[in-house]
Amino acid sequence: MATELPTTDIRISTEAIRRRKGGTPIVCLTAYTYPVARLLDEHVDLLLIGDSVAMVLYGHKTTLGASLEMMIAHGQAVMRGSARACVVVDLPAGTYEASATQAVASARRVVDETGCQAVKLEGGVDMIGQIAAIVDAGIPVMGHIGLQPQSVEKDGGYKIKGRTEEAVAALVHDALAVESAGAFSVVIEGTVEAVAADITRRIAIPTIGIGASGDCDGQILVIDDMVGLTVDRVPKFVKEYADLRSVISHAAQTYAAEVRSRTFPGPGHVFSATKSRDDA
């Protein structure tokens with residue numbers, strides 16, 4: 001059951017996340033809605049409104065279905081439902097890659113319209129200019145290297161990164177580039193374990209792993225994957241901590257049976273003519 005939202009306005013800052021490098025692992029989950037944010041806020045350090053929302057909630061095949069308006073709407077919902085966690089919003093594909101000017105404009109709109117603490121974008125060496133420009137504009141940035149979901153069509157699918165010497169070198173260059181551009185942390189996704197662990201040792205900002213390494217400074221999962229609500233293929237790197245698929249299916253089955261047998265609604269779920277008994 002969700003607890004009452006704290007009255008304090010103090011959130012975990014991006015600088016506090018940066019200082020967690022090498023310390024207690026940083027707990028991160030995605031969130032897209034107000035009630036889920038309410039449930040997660042007291043347990044996590046960081047909530048990410050990932051562009052995975054396009055797949056998880058809207059049924060798109062890839063994250064390319066996310067729009068800036070979609071990210072802002074869900075960012076607003078998560079901000080209303082949280083009070084403690086650092087909140088980061090993904091910049092969706094097509095809203096930052098063209099130029100530093102475009103990237104700053106998109107990041108500024110997201111922050112101004114949601115009140116989130118930071119934005120996240122994908123890319124390494126190729127995104128130095130965009131990351132630096134957003135940071136220079138006073139907006140913290142979380143980087144994202146390794147498997148980049150926004151590039152799956154270009155890459156020909158979801159392919160694990162870091163399996164050749166050339167690929168490892170490129171990943172290290174990307175990590176160093178994101179760090180040098182001023183990002184406060186970086187997600188490493190779908191990357192060979194030893195490579196992600198090595199990158200974590202090499203850079204001074206926290207690494208957040210997803211399908212990467214237990215040696216990363218933190219971990220993130222998509223909330224629907226983590227609670228067993230994903231109805232399509234569940235990635236190998238996911239551990240399901242609950243089975244909401246079965247819970248919801250069973251609840252719907254029971255409800256349907258009671259409606260058809262007219263046992264629901266019962267006396268306790270309808271209103272009487274007596275006002276004293278008419279409390280909803």
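- Going by what an unreviewed UniProt entry lists, the chain is known as 3-methyl-2-oxobutanoate hydroxymethyltransferase and is assigned to Mesorhizobium cantuariense.
- Word for word, the UniProt comment on the chain under Subcellular location (unreviewed entry) is "Cytoplasm".
- Per its UniProt entry, the chain bears the Pathway (unreviewed entry) comment "Cofactor biosynthesis; (R)-pantothenate biosynthesis; (R)-pantoate from 3-methyl-2-oxobutanoate: step 1/2."

**Considering the environment of Val27**
Part 1: Looking at the element boundaries, Val27 is found in strand β1 (residues 26–30).
Part 2: Classification of Val27 as partly exposed rests on a relative accessible area of 38%.
Part 3: Expressed as a C-alpha distance, the spacing of Val27 and Gly266, which sit 239 residues apart in the sequence, is 43 Å.

**Observations regarding the pattern of salt bridges**
Part 1: Counted under the stated rule, the structure contains 11 salt bridges.
Part 2: With a closest N to O distance of 3.1 Å, Arg20 and Asp45 form a salt bridge. Here Arg20 is found in the loop between α1 (14–18) and β1, whereas its partner Asp45 is found in the loop between α2 (34–40) and β2 (46–49), with 25 residues between them in sequence.
Part 3: Taking relative accessible area as the criterion, Arg20 reaches 22% and is therefore assigned partly exposed.
Part 4: With a shortest N-O distance of 3.3 Å, Lys161 and Asp155 are connected by a salt bridge.
Part 5: Within the structure, one salt-bridge network assembled from shared partners comprises Arg20, Asp45 and Arg84.

**Digging into the layout of surface pockets**
Part 1: Of the voids in this model, the largest pocket is the one considered here, and its volume is about 1,100 Å³.
Part 2: Within the residue set of the lining of the largest pocket, elements represented by two or more residues are α3 (53–56), β6 (185–189) and α10 (223–226).
Part 3: Classifying every residue of the lining of the largest pocket gives 16 nonpolar, 11 polar and 12 charged.
Part 4: Reported here for the second largest pocket is a volume of approximately 420 Å³.
Part 5: Taken together, 22 residues form the lining of the second largest pocket, with Gly146, Gln148, Ser151, Asp155 and Asp174 sitting closest to its centre.
Part 6: Counting residues per element, the ones that place at least two in the lining of the second largest pocket are α7 (152–155) and α8 (165–181).
Part 7: Looking at the lining of the second largest pocket, the element that brings in the most residues is α8, giving 4 residues.
Part 8: Looking at side-chain class alone, the lining of the second largest pocket contains 6 nonpolar, 8 polar and 8 charged residues.

What counts and how
- Every chain is numbered independently, its residues counted from 1 as its sequence is written.
- Predicted model: local features are reported for residues with pLDDT of at least 70 only, side-chain atom pairs are reported and counted for 80 or more only, and whole-chain, interface and lining totals are derived from all residues.
- The side-chain numbers reported here are obtained from all heavy atoms of the structure, hydrogens and water having been left aside.
- UniProt positions are given in the numbering used here, feature names are shortened, and annotations may be inferred rather than shown by experiment.
- The way it works is that DSSP assigns letters per residue, a run of H or I at least four long becomes a helix, a run of E at least two long becomes a strand, and they are numbered from the N terminus.
- In this scheme, a residue with accessible area under 20% of its type's maximum is buried, one over 50% is exposed, and one in between is partly exposed, where area comes from a 1.4 Å probe on protein chains only.
- When a carboxyl oxygen of Asp or Glu lies within 4 Å of a side-chain nitrogen of Lys or Arg, that pair is called a salt bridge.
- Grid points spaced at 1 Å and placed over the protein atoms alone form the basis of the search, with a cavity being a set where a 1.4 Å probe fits but cannot get out and a pocket an open set showing protein on both sides within 12 Å along at least five of seven lines. Lining residues have an atom within 4 Å of a point.
- Grid points are joined across faces, edges and corners, and a volume is the space filled by probe spheres set on the points.
- Three residue categories are used. Nonpolar comprises Ala, Val, Leu, Ile, Met, Phe, Trp, Tyr, Cys and Pro, charged comprises Asp, Glu, Lys and Arg, and polar comprises the others, including Gly.

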